[in-house]
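Secondary and tertiary structure notes
As a plain string of letters, each chain reads:
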Amino acid sequence: MLEVTSLSKSFDGFKAVNGAGLSVKEGEVVAVIGPNGAGKTTLFNLITGVIKPDAGKVLFKGQDITGLHPYQVCRKGISRSFQVVNVFQRRTVFENVQVSILSREKKTWNLFTPASKMAIEETDRILQNVGLIDVRDKTSAALSHGERKVLEIAIALGGNPEFLILDEPTAGMSPEETTRCIGLIKELREKLGLTILFCEHDMEIVFSISDRIMVMVRGSTIIQGTCEDVRCCQEVQDAYLGGSDTCLM
Ligand code: ADP
Ligand code: MG
């Protein structure tokens, strides 16, 4: 479904992403792991059009989407959440998701249909799916950190994606919030049939929900394989885990 080849991006001569490759099949959950600064967020920014690559290709369902604008990538069926929470703080939970649906449908306020009456059912369905229906009318600023991270996923779902990219979805969450978020990611795949690409530091989470894992170090792909492949790869041990002799987990 997604095929990334030889993708590169430099900032002032520093190669943040350096010939990275990645493939994701339809229906898979794929994790990108790697130390801080490895280039994971930059890779996601390149795929979603937030920044343009210096070289390389991104194919989505066989179509070349390299260098498209974020809204164009979104309309192809790819939505994302951000590592740093990115919501309208003074708007309600409902409004944050509603505006995402309306922007997908290119709808704006008009004389006959006030915005408050639009896309109500779909917005509520998404809030129900992600478990935020009970805080529907709270402002985003009043949510807990974990709820705001989930709201970001709900906003991404407003784009009606087939392919979801989550940048550190559980970062900063309490253990309970983390467990709930992991359950949500599994449900999104099983109930909504979404294909999911995410990055995450907690290896237990990575191994528990991923079909395959891509390991990124200094902007390059070291390996992409099954959890088993990655657990026992010597190169991963050396580069990422500080040369330990034991298999991961
Ligand atoms: P990760 O998400 O794996 O922690 P990032 O993709 O955020 O890594 O960053 C990779 C490297 O690129 C880091 O050294 C970071 O400082 C650098 N970098 C990322 N974005 C920019 C930017 N806009 N300008 C300059 N350097 C950047
Ligand atoms: Mg990052």
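Predicted model, so just to flag it, every value in this text is computed and none were measured.

**Side note on the overall build of the protein chain**
Along the backbone of the protein chain there are nine helices and 10 strands. In summary, the protein chain has a C-alpha radius of gyration of 18 Å against a globular reference of 18 Å for 249 residues, a match within 12%. Along the first, second and third principal axes, the C-alpha set of the protein chain runs to 65 × 40 × 30 Å. Within the protein chain, residue pairs in contact and separated by at least 24 positions form 64% of the contacts whose partners lie at least 6 positions apart. As displayed, the protein chain has an accessible area near 11900 Å², and 51% of this comes from carbon and sulfur atoms.

**Looking at the sheet that holds strand 9 (residues 212–217)**
Taken together, six strands build an open sheet; the order of strands is 6-7-8-3-9-10 and the sheet is mixed. With one partner strand each, in any of the chains shown, strand 6 (78–81) and strand 10 (220–225) form the two edges of the open sheet. Neighbour-to-neighbour, the strand axes of the sheet open up by a mean angle of 15°, direction not taken into account. By the bridge criterion, five bridges tie strand 9 to strand 10 in an arrangement that is antiparallel. Across the sheet, the residue bridging to V217 is S220, located in strand 10.

**Remarks on the site of ligand 1**
Close contacts around ligand 1 come from F11, F14, A16, P35, N36, G37, A38, G39, K40, T41 and T42, and that covers them all. One of the backbone nitrogen or oxygen atoms of G39 is found 2.9 Å away from an oxygen atom of ligand 1. For ligand 1, the protein covers 60% of the area, taking 560 Å² as the surface of the free molecule. Those elements giving two or more residues to the shell around ligand 1 turn out to be strand 2 (14–24) and helix 1 (40–47). For the shell around ligand 1, the element with the most residues is helix 1, which contributes three residues. For the shell around ligand 1, a count of residues per class yields five nonpolar, five polar and one charged.

**Section: helix 4 (residues 120–130)**
Those residues of helix 4 that fall on the buried side of the exposure criterion are E122, T123, I126, L127 and V130. The buried residues of helix 4 occupy one face: seen down the axis, they fall within an arc of 135°. Relative to its buried face, helix 4 has exposed residues pointing more than 90 degrees away, namely E121 and Q128. Of the surrounding secondary structure, the elements contacted by the buried residues of helix 4 are helix 3 (93–104), helix 5 (145–157) and helix 6 (175–190). Where helix 4 ends, the next residue or the one after it, G131, has phi of about 80°, a positive value.

**Some details on the packing of helix 5 against helix 6**
Remark: helix 5 packs on helix 6, axes separated minimally by 10 Å, with the N-to-C direction vectors making an angle of 15°. In terms of their interaxial angle, helix 5 and helix 6 are classed as roughly parallel. Like other packed secondary-structure pairs, helix 5 and helix 6 cross with a definite hand, here right-handed. Note on element contacts: helix 6 touches helix 5 through E177, C181, L184 and L188, opposite G146, E147, V150, I153 and L157. The residue inventory of the contact of helix 5 with helix 6, partitioned by class, reads six nonpolar, one polar and two charged.

Quick notes on the rules
Residues numbered from 1 in each chain as written. Chains lettered and ligands numbered in written order. Predicted model: local features only at pLDDT ≥ 70, side-chain atom pairs only at ≥ 80, totals over all residues. Heavy atoms only, no water. Helix = DSSP H or I, 4+ residues; strand = E, 2+ residues; numbered from the N terminus. Rg over C-alpha atoms; globule rule 2.2 N^0.38 Å. Contact = heavy atoms within 4.5 Å. Areas by Shrake-Rupley, 256 points an atom, 1.4 Å probe, with all protein chains shown as cover. Pairing = 2+ DSSP bridges. Axes fitted to C-alpha atoms, helices over the stretch in contact; angles between N-to-C directions. Near = heavy atom within 4 Å. Polar contact = N/O pair within 3.5 Å; in protein donor to acceptor, adjacent residues only side chain to side chain. Nonpolar A, V, L, I, M, F, W, Y, C, P; charged D, E, K, R; others polar. Buried < 20%, exposed > 50% of the residue type's maximum accessible area, 1.4 Å probe, protein only. Arc of directions from axis to C-beta. Parallel < 35°, antiparallel > 145°, perpendicular 65-115°, else oblique. Left-handed = near helix turned anticlockwise from the far one by under 90°.

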